[in-house]
Every structure is written in C-alpha cells, then in structure tokens.
Amino acid sequence: MTKLKWGMIGGGEGSQIGPAHRLGAGLDGAFEFCAGALDHRPDAGRAYGQTLGLAADRSYGDWQEMLAGERAREDRVDLVTVATPNATHFEITKAFLEAGFHVLCEKPMTMTVEEGEEIVRIAKSSGRICAVNYGYSGYSLVRHMRAMVARGDLGAIRLVKAEFAHGHHADAADADNPRVRWRYDPAQAGVSAQFADCGIHALHMASFVIGQELKSLSADTVSCIASRELEDDAMVNMRFDGGAVGRLWTSSIAIGRQHGLTLQVFGEKGGLRWAQEQPNQLYWMPLGERLLVIERGEAGLSPEADRTTRVTIGHAEGMPLAFANIYSDLAEAIRAAKDGRPMDPAADLYPRAEDGLRSMAAVFAVAESGKADGQWTDARPPMFR
Ligand code: NAI
C-alpha cells in the first residue's frame, strides 16, 4: 500500500507536543513525513525540518508558504497537523481545509464558539476531514470502555466522573514566569485557562466513552494563586443528553499529581475505572461480583480495542501510541474516501470538528457559570440547540 503524505505546522524543536505527533504519525508506516512549517522563526523551522529528513523545498518558513507550495504540487500532502499555539489554530485550519487538505488540529480547535461553528461548516462544505486531537481517546482501553457502554454491559449510565488535575503550576513564586503567566492572562489565553487547556480533554473523554453529549453545566472556578485572572482550578457539574450526570475536576495546583487524567463510569449494572498514568489496566466491577482487571492486549476484547493494540500483553503502551491510533483512524478515513468505500466502523472514532466546537461551547459556559456563582448554563453550541 502506498504511504499517505503528511505535513505538520508547529511542533518545532523543543516543543511539547511535536515529538508525540511525529511518533504517532510514523508508527504504523501509513504516513510519510513530507512537509512542514515547524517553527514561528522561519530559519529555525526550515533548518529543523531538514534535520528531521524533510527535503529543503518542503521545509517551509511559515504556513502560508507551505500552503502555496503544497497546493502547487501533484504529490501534495494528504493530511496536515496543526500543532501551533491555540490562537493560530482557526486561521491555519480554515485555510488548509478551504484549500482541500484534510486537517488534524490540536485542541482547543478555536478560541471562540463562532470560529468553531465556522470550521464545522467549512469541513462539511469542503468534504474534507477535520479532526481534533483529543489524543487520549485513542487509548485501546478507552475504546474498550466505550464499546462496553455501547453494548450495554453497564446498563444505563448514571454517573461519569472525570478528572484532569495536575500540580505543575502550583508554585506561587513561579507564577510570573512568562512561560506560565500567559496561560492565565485573558489577553493571550481567552476566557478560560485550566478548563480550556485540560478540562476539555476530560470532558471529551467522558462524552466519548458514555456516547452522550453535554447539555448544561454549573461551574465553580477559582484562581488559587491570587495574581491570576483566569482559573487554575474548576469543579464542574454536568448534565448529558442521554440522562447521565457528570462531575469533572480540573486543576493545575494539585501538587503531587503528575498528569492526572482519570475516568470513572457508573451504570446500573457495574462501574469502570481507568487512569491515563496506568493506561494498560481497566478496572471493571460488575454489580454484586468481584473486581476484575482487564488488561490491554488480552483475548476477548472489543474489535475497537483489538484494532488499537500493537504490543504483546504485559508490555506498556503509552501516549504516543494513543496518538498513533488517531493517525491510524485518519489513514483509514482518508483511504476509504480515496477509494469511495465505507470506512471500518472500528476506526471511525477519531474526534471531529463537531467535538472541537462542543468543547468551545463548554469552555464559554464554564467561564460564564463560574462568574455567576455556579448558575446552570446551557453548554451546547447554538448550532446544535
Ligand atoms: P509549544 O510552545 O511547546 O510549541 C509550539 C511550537 O509551535 C513551537 O515549535 C513554535 O515555534 C511553533 N509555532 C508557533 N507559532 C507558529 C506558527 N505561526 N507557525 C509555525 N509554527 C509555529 O506548544 P505545545 O505545548 O507543543 O502546544 C501546541 C499545541 O498543542 C497547543 O494548542 C496545545 O494546546 C496543544 N497540546 C495538546 C496536547 C494533547 O494532549 N492533545 C498536549 C500538549 C499540547
């Protein structure tokens, strides 16, 4: 099978998320890294691209140059990943979709709900794939949780509890460090800091696993470090459209917590518990029985889990492999579109522009509810009301 061609914007030398994308996209051999505009400094981006093996004429100085260059080529990239800082996602994603490229955009997809709606419309009218990198939804056992809920193992879902609480911005003495400060500055970060950065991962995962969309929420937001304008901690109560209740805690001042993404789902017939830092085990407690540990890679799991596992049972698979599962879904989606055939349903799970939009509506609802002492607030984008 010929490889698909892949390009990247952002993710330059020293960036946080660039390496995970390069590992993820390259892992299964479906994509070949062909083009990039990797850095906000054109010369640094060109040079770094070439050290990663890009041809000199496809290691671009900026995304506009990459758009023009790739558009003019017969062998243009099939998929572009946007891994730049948040405020640039909208214009880059929009421009590449409009030019006919499939896009995987980092979260948050946009800075406003209106921009999110525009991206959804453009993706639809262009017929291009617009995915959003809720990469943790790529974990094999997260996919298995979703399959268990969908086939009714838990019965009706009563409660979902999601956390994304870490302690990496807890040092008051470091709060003015420019690398930390901008995140809590509305002029640069928008209406929300911690919820927009981490809370939306927990929300997406909760919604993805239970197969329900968020309807309304009540948020208690707080800046534990007084100099911060935006929240560094939030507790959000949620109502989903299928009747489930949700509780979400996100924090950046939880000293001692490292990554801190966890999910618990409680239904009429049992409960599930999973944690990102031990992603190869899923705890399943059927009502009235004993606690079971489901291991990634064991026999008898769902097709969704089987498809997203690579290494033998007992050897850990981690975050770049979860990202690789999003890329593998996208490779299947792009190939199915090229061949004019339906895609494998077990791969049709990558997060969409609609998910990016729903997150943005939730971000604004959290900010509004937080300012109004936790008033219950509609969290749906106007487009989906
Ligand atoms: P970073 O600051 O570590 O790196 C950003 C990179 O983008 C740098 O190499 C910079 O030179 C480059 N860049 C900036 N502006 C650019 C432009 N206009 N054109 C081309 N390159 C440009 O940022 P980080 O932490 O890697 O975050 C990037 C994005 O990824 C953010 O939107 C963030 O929210 C998201 N992210 C997602 C994660 C996930 O789990 N899905 C985890 C971490 C970050």
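Since this is a predicted model, take the numbers as computed values, not measurements. (Residues numbered from 1 in each chain as written. Predicted model: local features only at pLDDT ≥ 70, side-chain atom pairs only at ≥ 80, totals over all residues. Heavy atoms only, no water.)

Considerations on the overall build of the protein chain
For step 1, the next point in the chain: Counting its secondary structure elements, the protein chain contains twelve helices and 14 strands.
For step 2, the next point in the chain: Taking 2.2 N^0.38 as the reference for a compact globule, 385 residues should give roughly 21 Å; the C-alpha atoms of the protein chain span a radius of gyration of 20 Å, in line with that estimate.
For step 3, the next point in the chain: Taken over the C-alpha atoms alone, the protein chain extends approximately 60 × 50 × 40 Å along its principal axes.
For step 4, the next point in the chain: Put simply, the protein chain has 385 residues, and 54% of those count as buried.
For step 5, the next point in the chain: Counting only contacts in the protein chain whose residues sit at least 6 apart along the sequence, the fraction spanning at least 24 positions is 67%.
For step 6, the next point in the chain: Accessible area of the protein chain: about 16,400 Å², with a carbon and sulfur share of 50%.
For step 7, the next point in the chain: Measuring between centres, the 41 positive side-chain charges of the protein chain sit 3 Å from its 51 negative side-chain charges. (Helix = DSSP H or I, 4+ residues; strand = E, 2+ residues; numbered from the N terminus. Rg over C-alpha atoms; globule rule 2.2 N^0.38 Å. Buried < 20%, exposed > 50% of the residue type's maximum accessible area, 1.4 Å probe, protein only. Contact = heavy atoms within 4.5 Å. Areas by Shrake-Rupley, 256 points an atom, 1.4 Å probe, with all protein chains shown as cover. Lys, Arg positive; Asp, Glu negative; His and termini not counted. Charge placed at Lys NZ, Arg CZ, Asp CG, Glu CD.)

Some words on the pairing of strand β10 (residues 261-267)
For step 1, the next point in the chain: The side-chain alternation of β10 yields one buried face, formed by L261, L263, V265 and G267, and one unburied face, formed by T262, Q264 and F266.
For step 2, the next point in the chain: Relative to β10, strand β6 (residues 157-165) runs antiparallel, the two sharing seven bridges. Looking at the pairing, E163 lines up with T262 of β10.
For step 3, the next point in the chain: Bridge count for β10 against strand β11 (residues 270-275) is five bridges, and the pairing is antiparallel. Within β11, the position partnered with V265 by the bridge is L272.
For step 4, the next point in the chain: Following β10, the chain reverses through two residues before pairing antiparallel with β11. (Pairing = 2+ DSSP bridges.)

Observations regarding the side chain of T250
For step 1, the next point in the chain: Locating T250 in the fold gives a position in strand β9 (residues 245-251).
For step 2, the next point in the chain: There is a polar contact of 2.7 Å between the side chain of T250 and the backbone oxygen of F164. (Polar contact = N/O pair within 3.5 Å; in protein donor to acceptor, adjacent residues only side chain to side chain.)

Notes on the packing of aromatic side chains
Aromatic ring pairs: the centre-centre distance and the angle between the two ring planes describe each pair.
For step 1, the next point in the chain: Following the criterion strictly, the structure yields seven aromatic pairs and no others.
For step 2, the next point in the chain: Ring-pair connections join several aromatic residues into one group, and the members of that group are W6, F31, F33 and Y327.
For step 3, the next point in the chain: The residue whose ring lies beneath R228 is Y184, and the NZ or CZ to ring-centre distance is 4.0 Å.
For step 4, the next point in the chain: The ring of Y350 carries R352 above its face, with NZ or CZ at 3.8 Å from the centroid. (Phe/Tyr/Trp six-rings, centres within 6.5 Å; stacked < 30°, edge-to-face > 60°. Lys NZ or Arg CZ within 6 Å of the ring centre and 35° of its normal.)

Observations concerning the packing of helix α5 (residues 113-126) against helix α12 (residues 353-371)
For step 1, the next point in the chain: Across the interface, α5 lies against α12 with an axial gap of 9 Å and an inter-helix angle of 170°. With respect to α12, the element α5 is oriented roughly antiparallel. Packed against α5, whose contacting residues are V113, G116, E117, I119 and V120, the element α12 presents A353, E354, L357, M360, A361 and F364 at the interface.
For step 2, the next point in the chain: Taken together, the residues that form the contact of α5 with α12 break down as eight nonpolar, one polar and two charged. (Axes fitted to C-alpha atoms, helices over the stretch in contact; angles between N-to-C directions. Parallel < 35°, antiparallel > 145°, perpendicular 65-115°, else oblique. Nonpolar A, V, L, I, M, F, W, Y, C, P; charged D, E, K, R; others polar.)

What to know about the sheet that holds strand β2 (residues 31-37)
For step 1, the next point in the chain: The strand order across the open sheet built from five strands is β2-β1-β3-β4-β5, with neighbouring strands paired in parallel fashion. The sheet is open, and its two borders are formed by β2 and β5 (130-132), each paired with just one other strand. For this sheet the average axis-to-axis angle between neighbouring strands, irrespective of direction, equals 20°.
For step 2, the next point in the chain: Pairing between strand β3 (residues 79-83) and strand β4 (residues 102-105): four bridges, direction parallel. Within β4, the position partnered with V80 by the bridge is V103.

A short note on the nonpolar core
For step 1, the next point in the chain: One finds F96, L217 and V265 to be the most contacted residues of the largest nonpolar core, which totals 82 residues.
For step 2, the next point in the chain: The element that contributes the greatest number of residues to this core is helix α9 (residues 194-210), accounting for eleven residues.
For step 3, the next point in the chain: Residues in contact with L217, not counting those within four places in the same chain, are V236, N237, M238, A362, A365, V366, S369, Q375, W376, T377 and A379.
For step 4, the next point in the chain: Counting 23 residues, the second-largest nonpolar core is a separate cluster that includes W6, L38, Y327 and M343. (Core = buried A, V, L, I, M, F, W, Y, C linked by side-chain atoms within 4.5 Å.)

Considering the sheet that holds β6
For step 1, the next point in the chain: Pairing is mixed across the open sheet formed by nine strands, whose spatial order is β13-β12-β11-β10-β6-β9-β8-β7-β14. Each edge of the sheet is formed by a strand with only one pairing partner; in this case those strands are β13 (292-295) and β14 (377-378).
For step 2, the next point in the chain: Lying on the sheet, helix α6 (residues 140-150) is in contact with β6, β10, β11, β12 (281-286) and β13; it crosses β12 at an angle near 20°.

Considerations on the site of the ligand
For step 1, the next point in the chain: With respect to spatial proximity, 22 residues lie near the ligand, and among them G12, Q16, H40, N86 and H89 are the closest.
For step 2, the next point in the chain: In the model, an oxygen atom of the ligand is placed 2.8 Å from a nitrogen or oxygen of the Q16 side chain.
For step 3, the next point in the chain: T84 places a main-chain nitrogen or oxygen 3.3 Å from an oxygen atom of the ligand.
For step 4, the next point in the chain: A total of 850 Å² of accessible area belongs to the ligand in isolation, and the protein chains cover 83% of it.
For step 5, the next point in the chain: Taken together, the residues that form the shell around the ligand break down as eight nonpolar, eleven polar and three charged. (Near = heavy atom within 4 Å.)

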